[in-house]
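# Analysis of the macromolecular model
Next come the chains, spelled out residue by residue.
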Amino acid sequence: YLRARAGGRALSDPADTPVAGIKRIKLGGNHLYVTDDGRYVFTGALVDLKTNRNLTQELVEADARAMLDTVPDADKVVFKAVGEQKAVIDVFTDTSCPYCKKLHREVPQLQSAGVTVRYIAYPRGGKRGPGYTGLRQVWCAPDPVKAMDDAKQGLAMEGGTTECQRADLVDKGFRLGGELGIQGTPAIFLPSGKLVNGYVPAPKLLQQLGIR
C-alpha cells in the first residue's frame, strides 16, 4: 500500500520497533509506523514510558547528526575551543540576525569552556534575505573567522567580495537548514543532533552540554 502511495519519495525498508506488530519506516524525511501487513500507518512520537525515552525523537536527532556530519569543517566558519575540546556545536547563523549577534558575543565564553562552535550559513529569507550578502562576504573573506567577528559587530569586512567559489556554501547552508526543518536563527545543534531553537545564554548552553 505504502509504495503505491509514496509518490516517488524515498521509502525505506521496514525496521523493527519494540512494539509487537509495528514496524518503522522512513518516507522522505519522516519517520512513520506501520502495521505488519502494511495496511495501517500512523505518525507521531513513539515513547517508552518505562524509560521516558522518545524513540522517534532520537531517530530524528540521529538523522540530523548524520546530515550535519556530511558538511566538512572547511565549509564552515569554525571557532575552536580553547584548550581541551569538550563539545562541538553546529550553529546555523545569519549576520543580520540580532539574536545571532547576541549569541556570538558569548562565543569566547563557550570556547574558554572547551566548546568548538561551527557556523553554517543560513540567510533568513534565502537570496532575498537581509543577511544573504553579508554571509557571502564572510565565506569569501581571506579570514572567515575574523570576517564573522566583524560582521556580527557591524564592522566592514576585509575583502568585501560576494563572488567566489565558497559563496555557494551560503546557498548550500540554506538548503540544508530547510531539510533540517530550521525556521529561524540561531539554530543550535548539540552533539547528539538535538536542535535548540533560538538564542540560549552561554551558561545554560554549557549546562545542556554537560559542561560546568
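Quick note: structure is the one above.
What comes next is a walk through the structure. (Residues numbered from 1 in each chain as written. Predicted model: local features only at pLDDT ≥ 70, side-chain atom pairs only at ≥ 80, totals over all residues. Heavy atoms only, no water.)

Among soluble globular proteins, nonpolar side chains are generally buried collectively. Core analysis: the biggest nonpolar cluster contains 33 residues, and Ile-89, Val-115, Val-117, Tyr-119, Trp-139 and Ile-188 have the highest contact counts within it. Within the residue set of this core, elements represented by two or more residues are strand E7 (77-79), strand E8 (87-93), helix H4 (107-112), strand E9 (115-121), helix H5 (132-140), helix H6 (144-152), helix H7 (168-179) and helix H8 (202-208). Here Trp-139 is in contact with Asp-75, Lys-76, Val-77, Tyr-119, Ile-120, Ala-121, Met-148, Cys-164, Arg-166, Leu-169 and Val-170, once residues within four sequence places are set aside. Counting residues in hydrophobic clusters, the runner-up holds 11 residues, among them Ala-64, Leu-68, Ile-182 and Phe-189. (Core = buried A, V, L, I, M, F, W, Y, C linked by side-chain atoms within 4.5 Å. Buried < 20%, exposed > 50% of the residue type's maximum accessible area, 1.4 Å probe, protein only. Helix = DSSP H or I, 4+ residues; strand = E, 2+ residues; numbered from the N terminus. Contact = heavy atoms within 4.5 Å.)

Direction vectors running N to C along H5 and H7 enclose 120°, while the axes themselves pass 8 Å from each other. It follows from the interaxial angle that H5 and H7 lie oblique. With respect to the hand of their crossing, H5 and H7 are arranged in right-handed fashion. Along the contact surface, H5 presents Tyr-132, Leu-135, Arg-136 and Trp-139, while H7 presents Leu-169, Val-170 and Asp-171. Grouping the amino acids of the contact of H5 with H7 by side-chain chemistry returns 5 nonpolar, no polar and 2 charged. (Axes fitted to C-alpha atoms, helices over the stretch in contact; angles between N-to-C directions. Parallel < 35°, antiparallel > 145°, perpendicular 65-115°, else oblique. Left-handed = near helix turned anticlockwise from the far one by under 90°. Nonpolar A, V, L, I, M, F, W, Y, C, P; charged D, E, K, R; others polar.)

Let us look at the pairing of E8. A regular strand places its side chains on the two faces of the sheet in alternate fashion. Burial of E8 is extensive: 7 of the 7 residues sit out of reach of the surface. Along E8, one buried face is formed by Ala-87, Ile-89, Val-91 and Thr-93 and the opposite face, lined by Val-88, Asp-90 and Phe-92, is buried too. Where E8 meets E9, 7 bridges bridge the pair, whose relative direction is parallel. Within the sheet, the bridge partner assigned to Ala-87 lies in E9 and is Val-115. Both E8 and strand E10 (residues 187-189) contribute to a ladder of 3 bridges, which runs antiparallel. Looking at the pairing, Asp-90 lines up with Phe-189 of E10. (Pairing = 2+ DSSP bridges.)

This brings us to unusual backbone geometry. Pro-186 follows Thr-185 through a cis peptide bond whose omega is -5°. Look at Asn-52: it is not a glycine, yet its phi comes out positive at around 60°.

This structure, assessed with the given rule, holds 1 disulfide. Sulfur-sulfur distance for the disulfide between Cys-140 and Cys-164 comes to 2.0 Å. Sign of the S-S torsion, about -95° for the bond between Cys-140 and Cys-164, identifies this disulfide as left-handed. One end of the pair, Cys-140, is in helix H5; the other, Cys-164, is in the loop between H6 and H7, with 24 residues separating them in the sequence. The partly exposed category is assigned to Cys-164, whose relative accessible area is 29%. (Disulfide = S-S within 2.5 Å.)

Turning next to empty space enclosed by the protein. Evaluation of the coordinates by the stated rule reveals 1 cavity of 30 Å³ or more. Quantified by volume, the largest cavity comes out at close to 40 Å³. Considering the residues around the largest cavity, the lining is formed by Ala-141, Pro-142, Asp-143, Lys-146, Ala-147, Asp-150 and Glu-158. When grouped by side-chain class, the residues that make up the lining of the largest cavity number 3 nonpolar, no polar and 4 charged. (1 Å grid on protein atoms, 1.4 Å probe; cavity = no way out; pocket = protein on both sides within 12 Å on 5 of 7 lines; lining within 4 Å. Points joined across faces, edges and corners; volume = space filled by probe spheres on them.)

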